[in-house]
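For reference, the chains in residue letters:
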Amino acid sequence: MNRSLSLIASVLALPSLALTLSACSDAELPPAPLSEEALAAVTDDAGAPKQDLAREVDNLFALPDLGETRAIVVMQNGALAAERYSEGYGPDTRFISWSMAKTITAIMIGMMVADGKLSLDESAPVPQWRRSGDARGEITLRQLLQMRSGLRHTEAGDPPYESSEVRMLFLDGRDDMARWAEEQPLEAEPGAKFEYSTNTTVILADIAADVLTNSKDPDIRRQAVTDYLDARLFGPLKMDSMVPEFDAAGTLIGGSLIHGTARDWAKLGEMLRNKGKAPTGEQLVPRRWVERMVSPSPRSPHYGFQTWLNRPLEDAEQRHPLFPDRAPHSMFALIGHMGQYVIVSPQQRVTVVRLGHSAREDRVRMVQQLADVFQLYPVR
């Protein structure tokens, strides 16, 4: 009798045992131990728990479906917090900017405005727009900076070779990119709508070259812009790796082609975080100009002067390039094709550089992983 009762009790206990085992299997397993490489990437004074930061940085390299991360640099309050590279890359590797170059072009324009060489709200000094009756003469420098010129510049096309960017960079506009971009007609009233455009930034680069020299000789134009950037920006910040590219007409390809190391991109981000000041205390870019760069334009709350902003969009269904729901709205970023990022959060005193190669869907997930890094730091 006792044996029968014991057997019945055992049978009745089986469902409970199964549920217990199921609960254990569903529970989140503890993370794998961090490698020596992952731990070595984080400094002892990182401003965040070392193990946690090492884990989040490691995830950027190790997790699937994020694309390929090639370099990470994290700066906190002016000091190195983390630095890591994938195999084949290192501190001396020059990485392509793609559209991160746009912010450098805006900085150069800002210096010229501060020097009294350009005016924000007068007609942009493009000679072919100044012909009598040309409505493009109404386009201002401010509108170019805020990507609301009204010009027919279609950044992405289907097929891709029909896009204004591809045609300018690689097809019929490649030898004189600014001339091609400036020849495009208006499709909207100047200032009326936001349209992200690499062509627009090349126009800004052309304007900058014309400020520096009257010559149309490509070599003279190229040298004038190179010397200016070295003297006014790259040199004072000790961004010794920076290599800008120019087209055959000697115009800076200021929307997409400046090369530099991850450390030098971090120096640029830190200068902007400090409102235009170099580590020496020298005011390289006027504070007011940096504030303009990171202020939303009337047609795009998430874009300033050639710089992306972490501000919410009016259309909640529209995909945001950053993460306004997970970080301060004062955050801003340089963003380049295929996943190049310099993200700056002044309220957290943090700059993060991520360079690599990620397809569109991978970037959506990868940016959320970058948000995980920022969430380790307090908002001040």
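Before going into details, it helps to say that this report is about the structure given with it. Keep in mind that this is a model prediction, so the values were computed, not measured.

### Focus on the overall build of the chain
What the chain contains, in helices and strands, is 12 helices and 9 strands. Relative to its full complement of 380 residues, the chain shows a buried share of 51%. Of the contacts made within the chain by residues no fewer than 6 positions apart, 62% connect residues no fewer than 24 positions apart. When the accessible surface of the chain is split by element, carbon and sulfur atoms take 51% of a total near 17,800 Å².

### Here's the deal with the pairing of strand β9 (residues 350-357)
When you tally the buried positions in β9, you get 7 out of 8 residues, the bulk of the element. Where strand β1 (residues 68-76) meets β9, 8 bridges bridge the pair, whose relative direction is antiparallel. Considered in β9, the bridge of T69 is made with G356. Relative to β9, strand β8 (residues 340-345) runs antiparallel, the two sharing 5 bridges. Bridge pairing in β9 places I343 opposite V352. Taking the residues between adjacent antiparallel strands as the criterion, β8 and β9 are bridged by 4 residues, where R349 takes a positive phi near 55°.

### Details of the packing of aromatic side chains
Inspection of the entire model under this criterion finds 7 aromatic pairs. Ring centres of Y303 and W308 lie 4.7 Å apart, and the angle between their planes is 75°; this geometry places the pair in the edge-to-face category. On the basis of an interplanar angle of 45° and a centroid distance of 6.1 Å, the ring pair of F323 and F374 is categorised as tilted. Of this pair, F323 sits in the loop between β6 (308-309) and β7 (332-336) while F374 sits in helix α12 (residues 360-374), and the two are 51 residues apart along the sequence. Each member of the pair, F323 together with F374, is buried. Three or more aromatic residues link up through ring pairs in this structure, and these residues are F194, Y196, Y303 and W308. One cation-aromatic arrangement involves R84 over F61; the distance from NZ or CZ to the ring centre is 4.6 Å.

### A look at helix α10 (residues 262-273)
In this model α10 runs 16 Å from its N-terminal to its C-terminal C-alpha over 12 residues, within 8% of the 16 Å that 1.5 Å per residue would give. Burial of α10 is extensive: 10 of the 12 residues sit out of reach of the surface. One or two steps after α10, the chain reaches K275, where phi turns positive at roughly 60°.

### A few points about the layout of surface pockets
Roughly 1,400 Å³ of internal volume is contained in the largest pocket. Around the largest pocket, the lining is made up of 41 residues, and of these Y196, W308, P321, R360 and R363 lie nearest the centre. Counting only elements with at least two residues in the lining of the largest pocket, the list comes to α6 (164-170), β7 and α12. If one sorts the elements of the lining of the largest pocket by residue count, α12 sits on top with 5 residues. Along the lines of polarity and charge, the residues of the lining of the largest pocket split into 19 nonpolar, 13 polar and 9 charged. Empty space within the second largest pocket amounts to approximately 310 Å³.

Parameters and conventions
- Residues numbered from 1 in each chain as written.
- Predicted model: local features only at pLDDT ≥ 70, side-chain atom pairs only at ≥ 80, totals over all residues.
- Heavy atoms only, no water.
- Helix = DSSP H or I, 4+ residues; strand = E, 2+ residues; numbered from the N terminus.
- Buried < 20%, exposed > 50% of the residue type's maximum accessible area, 1.4 Å probe, protein only.
- Contact = heavy atoms within 4.5 Å.
- Areas by Shrake-Rupley, 256 points an atom, 1.4 Å probe, with all protein chains shown as cover.
- Pairing = 2+ DSSP bridges.
- Phe/Tyr/Trp six-rings, centres within 6.5 Å; stacked < 30°, edge-to-face > 60°.
- Lys NZ or Arg CZ within 6 Å of the ring centre and 35° of its normal.
- Expected span 1.5 Å × (residues − 1).
- 1 Å grid on protein atoms, 1.4 Å probe; cavity = no way out; pocket = protein on both sides within 12 Å on 5 of 7 lines; lining within 4 Å.
- Points joined across faces, edges and corners; volume = space filled by probe spheres on them.
- Nonpolar A, V, L, I, M, F, W, Y, C, P; charged D, E, K, R; others polar.

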